[in-house]
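# Secondary and tertiary structure notes
This is what each chain is made of:
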Amino acid sequence: IGMAGYEQPQGEQFYRDVVERVESLPGVEATALAQGGPLQVTISRSILLEGRPSDFERTFVQVNVIGPRYFDTMGIPLAQGRAFEESDRTGSVPVVIVNQTMAERMWPGEDVLGQRFRFHGMEPLEVVGVAADIKYNAPGEDPQPYAYLPLGQHYSTTMTLIARAESDPGPTLLAAQREIRQMDPLLPLIGVATVPDLI
C-alpha cells in the first residue's frame, strides 16, 4: 500500500475492500489481514511490565499487527478473553492479545486479562485476550512468547492477505491475485504462496 502511494484513509478503505472481495470468491472460507502471514518472521520488541522491576526489559517478543477475524481465519483458538473488535481503533484504549507462552512466562499463576505492559517506545497496552500457541517462524521451533496488535490502532502500509480455502489452495491463490489486480493493477504483490509452499 505504501509503495503504491496510498494515504492512510485510502489504505484503510482498500484493506476493507480487499478482504470483502476476496472472501466473496468461490472456494474461500475466510479472509483476514496480518503484517506477518503464516511462517513469516515479524518484528521483535523489548517489553516492560507495568509496576514491576525491569526483569523482563531485555525480553524480546515477536509482534504481529492483525486485522479483524484473523484468529478465525487462521484457526487459532482463544484460551481466554476476546478477539479484537472494530471498536479497537485509534483513540480507544490501546489493547493487545498475547499467546499462552507469553502469558505463562510474564504472569505465572496470575489472571492475565487486564494486565498492562508496554513495548519499548510505545504507550502502555492492556491484555484483552490469550491466544493458543502456534508455529510462528518454522514448523520445528520451540514455544515462544508472541503478541498481537490490532490494525485499527497500528496502521501499517505493508500487510499480508490470508485466505483460507475450502479445498485446494492453488486455484484460490490465483483467483485472489486476479481480484487484487482488478482493484489496483500497479499494487506490488510480494511473497505470494500457499502454506504448503511455505512449509
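In what follows, the structure referred to is the one given above.
What you see is a predicted model; the values in this text were computed from it and never measured. (Residues numbered from 1 in each chain as written. Predicted model: local features only at pLDDT ≥ 70, side-chain atom pairs only at ≥ 80, totals over all residues. Heavy atoms only, no water.)

## A word on the overall build of the protein
Of regular secondary structure, the protein possesses five helices and nine strands. Listing each helix as α and each strand as β along the protein from the N terminus yields α-β-β-β-α-β-β-α-β-β-β-β-α-α. Taken over the C-alpha trace, the protein has a radius of gyration of 17 Å; the compact-globule value for 199 residues is 16 Å, and the two agree within 12%. Per-residue burial over the protein gives 43% buried out of 199 residues. Put simply, of all contacts in the protein between residues at least 6 apart along the chain, 73% involve residues at least 24 apart. (Helix = DSSP H or I, 4+ residues; strand = E, 2+ residues; numbered from the N terminus. Rg over C-alpha atoms; globule rule 2.2 N^0.38 Å. Buried < 20%, exposed > 50% of the residue type's maximum accessible area, 1.4 Å probe, protein only. Contact = heavy atoms within 4.5 Å.)

## Focus on the packing of aromatic side chains
Under the counting rule described, the total for this entry stands at nine aromatic pairs. Consider the rings of Tyr 6 and Phe 14, whose centres lie 5.4 Å apart with planes at 65°: the pair is edge-to-face. A residue is classified by how much of its surface remains accessible, and Phe 14, at 9% relative accessible area, is buried. Note on Tyr 70 and Phe 71: the rings are 5.4 Å apart at their centroids and 80° apart in plane angle, and the pair reads as edge-to-face. Each member of the pair, Tyr 70 as well as Phe 71, carries the same accessibility label: buried. Each residue in the set Tyr 70, Phe 71, Tyr 136, Tyr 146 and Tyr 148 is aromatic and connected to the rest through ring pairs, giving one cluster. (Phe/Tyr/Trp six-rings, centres within 6.5 Å; stacked < 30°, edge-to-face > 60°.)

## Looking at the environment of Asp 142
You can see Asp 142 is positioned in the loop between strand 7 (125-131) and strand 8 (146-150). Classification of Asp 142 by relative accessible area gives exposed; the value is 63%. As a C-alpha pair, Asp 142 and Leu 173 span 31 residues in sequence and 30 Å in three-dimensional space.

## Describing the nonpolar core
Counting residues in each nonpolar core, the largest one holds 37 residues, and the members touching the most others are Phe 14, Val 98, Met 102, Trp 107, Phe 117 and Phe 119. With five residues, the top contributor of residues to this core is helix 1 (residues 8-23). Look past the residues within four positions of Phe 14 in its chain and what remains in contact with it is Ile 1, Tyr 6, Ile 180, Met 183, Asp 184 and Leu 187. In terms of nonpolar packing, the next biggest core, distinct from the first, is built from 16 residues, Val 128, Ala 131, Tyr 136 and Tyr 146 among them. (Core = buried A, V, L, I, M, F, W, Y, C linked by side-chain atoms within 4.5 Å.)

## Considering the packing of helix 1 against helix 4 (residues 169-183)
Running from amino to carboxyl end, helix 1 crosses helix 4 at an angle of 140°, the nearest separation of the two axes being 10 Å. Taken as axis vectors, helix 1 and helix 4 run oblique relative to one another. You can see that helix 1 and helix 4 cross each other, and the crossing is right-handed. Residues Phe 14, Asp 17, Val 18, Arg 21 and Val 22 of helix 1 touch helix 4, and the partners they reach there are Ala 176, Glu 179, Ile 180, Gln 182 and Met 183. (Axes fitted to C-alpha atoms, helices over the stretch in contact; angles between N-to-C directions. Parallel < 35°, antiparallel > 145°, perpendicular 65-115°, else oblique. Left-handed = near helix turned anticlockwise from the far one by under 90°.)

## Section: the pattern of salt bridges
Enumeration according to the criterion identifies four salt bridges in this entry. Salt-bridge contacts for Asp 88 lead to Arg 82; the nearest nitrogen and oxygen are separated by 2.8 Å. In this structure Asp 88 comes out as buried when scored by relative accessible area, which is 5%. Classification of Arg 82 as partly exposed rests on a relative accessible area of 26%. (Salt bridge = Lys/Arg side-chain N within 4 Å of Asp/Glu carboxyl O.)

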